Amino acid sequence: MRLFQKKLDYQKDFLRMEFELEEQQYCYYHGRQRVFYPDLNYRTKKNLDRKNEELKKNKDLLQEEIKRKEYYNRMLYLEAKGINCHSFEYLGEVKGTVAPNLEVFLNNLVDKENMIVGIHRVGRCKDEDIKDILENGLILTGHLSSGAKSFTSSLSDNISFYPNNRTIIKELMYADCYKSSRGSILVLIPLDKLNDTCYADENGFLRLRPEYIVGFVSVYENHHIKNIIRASDFKKEVFSGMNDHFKDYIKVLNEYYENNESILKHR
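Residues numbered from 1 in each chain as written. Predicted model: local features only at pLDDT ≥ 70, side-chain atom pairs only at ≥ 80, totals over all residues. Heavy atoms only, no water.

Participant: Just checking my understanding: could you explain the layout of surface pockets for this structure?
Facilitator: Rolling a probe over the atoms, with the probe sized like a water molecule, indicates the empty space that remains. The calculated volume of the second largest pocket comes to roughly 260 Å³. In terms of lining residues, the second largest pocket is bounded by Glu18, Phe19, Glu65, Arg68, Lys69, Tyr71, Tyr72, Glu89, Tyr162, Pro163, Asn164 and Thr167. Taken together, the elements giving at least two residues each to the lining of the second largest pocket come down to strand S1 (16–20) and helix H2 (59–80). For the lining of the second largest pocket, the element with the highest residue contribution is H2, accounting for 5 residues. Split by residue class, the lining of the second largest pocket holds 5 nonpolar, 2 polar and 5 charged. (1 Å grid on protein atoms, 1.4 Å probe; cavity = no way out; pocket = protein on both sides within 12 Å on 5 of 7 lines; lining within 4 Å. Points joined across faces, edges and corners; volume = space filled by probe spheres on them. Helix = DSSP H or I, 4+ residues; strand = E, 2+ residues; numbered from the N terminus. Nonpolar A, V, L, I, M, F, W, Y, C, P; charged D, E, K, R; others polar.)

Here's what the structure looks like:
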């Protein structure tokens, strides 16, 4: 039967070329169905052969295609878990900078296997609010909410996730490009814990558990990030003697760590 079957043309039949991860080569799809090589017409086969030959010769291109497909598959996996990866993303030229020790720390963080890294960009809230988030968890009310009483159980409505965890480093540097955010709450969640990340506090608000919050990263002029503040930092001696009713927590801690190059090595 296949001998007399119509051969498909990549232009006339609107075929879509995709990269197959397991085979590490291109193939054609018609809608959602893969079109196998014998079912292609002559010029479509020639075009596919040419593209696959280019792929064999260009190792960098092959690696790009592998990574792109892996990220796509990861996105599908996360979406099946209820995590939406179509978050706001800064797509302009990247000129931001990261302090050396923080860069090492973040690189190790985003390379962790079986983990998803996310950020919640923080707007014009008080330092006490950031302290509350780090110590008690993030109230799930949406990005930069202004005290709204309603909340959602969807992590994606409150935290930005991406198929590639490395995207987070760029987003930390450019957090202020989203509604002039002052910085970001950094989140790390094991993939096998996605369905057990929240709890209801004493006021009935749904919160992300604090154990999944890494800390707060301020963004400075020219998109510079230099340290991360954690819940344990609020117990430091630097706060002794300060007025309990007015503490510039984040400012004080950032100044405290300003010239301490070993900050991340001992925390």
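Participant: Would you mind showing me how to read the sheet that holds strand S2 (residues 25–30) here?
Facilitator: In any sheet, the strands associate via hydrogen bonds between backbone groups, in a parallel or an antiparallel arrangement. With antiparallel pairing, 3 strands are arranged side by side in an open sheet as S1-S2-S3. Each edge of the open sheet is held by one strand with a lone partner, namely S1 and strand S3 (33–35). Averaged over all pairs of adjacent strands, the angle between their axes in this sheet comes to 50 degrees, without regard to strand direction. Note: S1 against S2, 5 bridges, orientation antiparallel. When the sheet's bridge partners are listed, glutamate 20 is paired in S2 with glutamine 25. Running over the sheet, helix H1 (residues 42–57) touches S1 and S2 and is turned about 145 degrees from S2. On top of the sheet, H2 reaches S1 and S2; it is set at about 90 degrees to S1, its chief contact. (Pairing = 2+ DSSP bridges. Axes fitted to C-alpha atoms, helices over the stretch in contact; angles between N-to-C directions. Contact = heavy atoms within 4.5 Å.)

Participant: Sorry, what's going on with the pattern of salt bridges here?
Facilitator: A pair can form between side chains of opposite charge whenever their charged atoms are brought close. One pass over the structure, following the stated rule, counts 17 salt bridges. A salt bridge links glutamate 18 to lysine 69; the shortest N-O distance between them is 3.7 Å. Placement of the pair is glutamate 18 in strand S1 and lysine 69 in helix H2, with a sequence separation of 51 residues. The exposure class of glutamate 18 is partly exposed, given its relative accessible area of 23%. (Salt bridge = Lys/Arg side-chain N within 4 Å of Asp/Glu carboxyl O. Buried < 20%, exposed > 50% of the residue type's maximum accessible area, 1.4 Å probe, protein only.)

Participant: What should I look at first to understand the nonpolar core in this one?
Facilitator: General note: in soluble globular proteins, nonpolar side chains tend to be found buried as a group. In this structure, Leu155, Ile185, Ile189 and Leu208 are the most contacted members of the largest nonpolar core, which totals 26 residues. Dropping the residues within four chain positions of it, isoleucine 189 is found in contact with Met115, Ile116, Leu155, Phe161, Leu194, Thr197, Leu208 and Tyr212. Counting 23 residues, the second largest nonpolar core, distinct from the first, contains Phe105, Tyr174, Val219 and Ile225. (Core = buried A, V, L, I, M, F, W, Y, C linked by side-chain atoms within 4.5 Å.)

Participant: Explanation requested: the side chain of glutamate 65 in the structure shown.
Facilitator: Topologically, glutamate 65 is positioned in helix H2. Ignoring anything within four residues of it in the chain, the contact list for glutamate 65 reads Phe19, Tyr26 and Leu55.

Participant: Would you mind going over the environment of cysteine 125 with me for this structure?
Facilitator: With respect to the secondary-structure elements, cysteine 125 resides in the loop between strand S5 (115–122) and helix H4 (127–136). Among the residues examined, cysteine 125 registers a relative accessible area of 23% and is labelled partly exposed. C-alpha of cysteine 125 to C-alpha of serine 181: the two residues are 56 residues apart in sequence and 9.6 Å apart in space. Among residues more than four places away in sequence, those in contact with cysteine 125 are Ile130 and Arg182.

Participant: Would you mind showing me how to read the packing of H1 against H2 here?
Facilitator: The description of two helices packed together rests on the angle between their axes and the distance between the axes. Following both chains from N to C, one finds H1 and H2 inclined at 105 degrees, their axes separated by 5 Å at the closest point. In this view, H1 runs roughly perpendicular relative to H2, as classed from their interaxial angle. Seen from H1, the contacting residues are Leu55, Lys56 and Lys57; seen from H2, they are Lys59, Leu61, Leu62 and Glu65. Split by residue class, the contact of H1 with H2 holds 3 nonpolar, no polar and 4 charged. (Parallel < 35°, antiparallel > 145°, perpendicular 65-115°, else oblique.)

Participant: Looking at this structure, I do not really get H2. What am I missing?
Facilitator: Since there are 3.6 residues in each turn of an α-helix, residues three or four apart along the chain are aligned in direction. In a regular helix each residue adds 1.5 Å, so 22 residues correspond to 32 Å; H2 covers 32 Å between its end C-alpha atoms and thus fits that length. For H2, the complete set of buried residues consists of Leu62, Glu65, Ile66, Lys69, Arg74, Met75 and Leu78. Those residues of H2 that are buried are in contact with S1, S2, H1 and S5. Following H2 by one or two positions, glycine 82 adopts a phi angle in the positive range, close to 95 degrees. (Expected span 1.5 Å × (residues − 1).)

Participant: Would you mind showing me how to read the pairing of strand S11 (residues 213–218) here?
Facilitator: For a regular strand, the rule is simple: side chains alternate between the two faces of the sheet. A large share of S11 lies buried, amounting to 6 of its 6 residues. Relative to S11, strand S8 (residues 183–190) runs antiparallel, the two being bridged by 5 bridges. Its bridge partner lying in S11, isoleucine 185 is registered against phenylalanine 216.

Any link to function would need more than the numbers given here.
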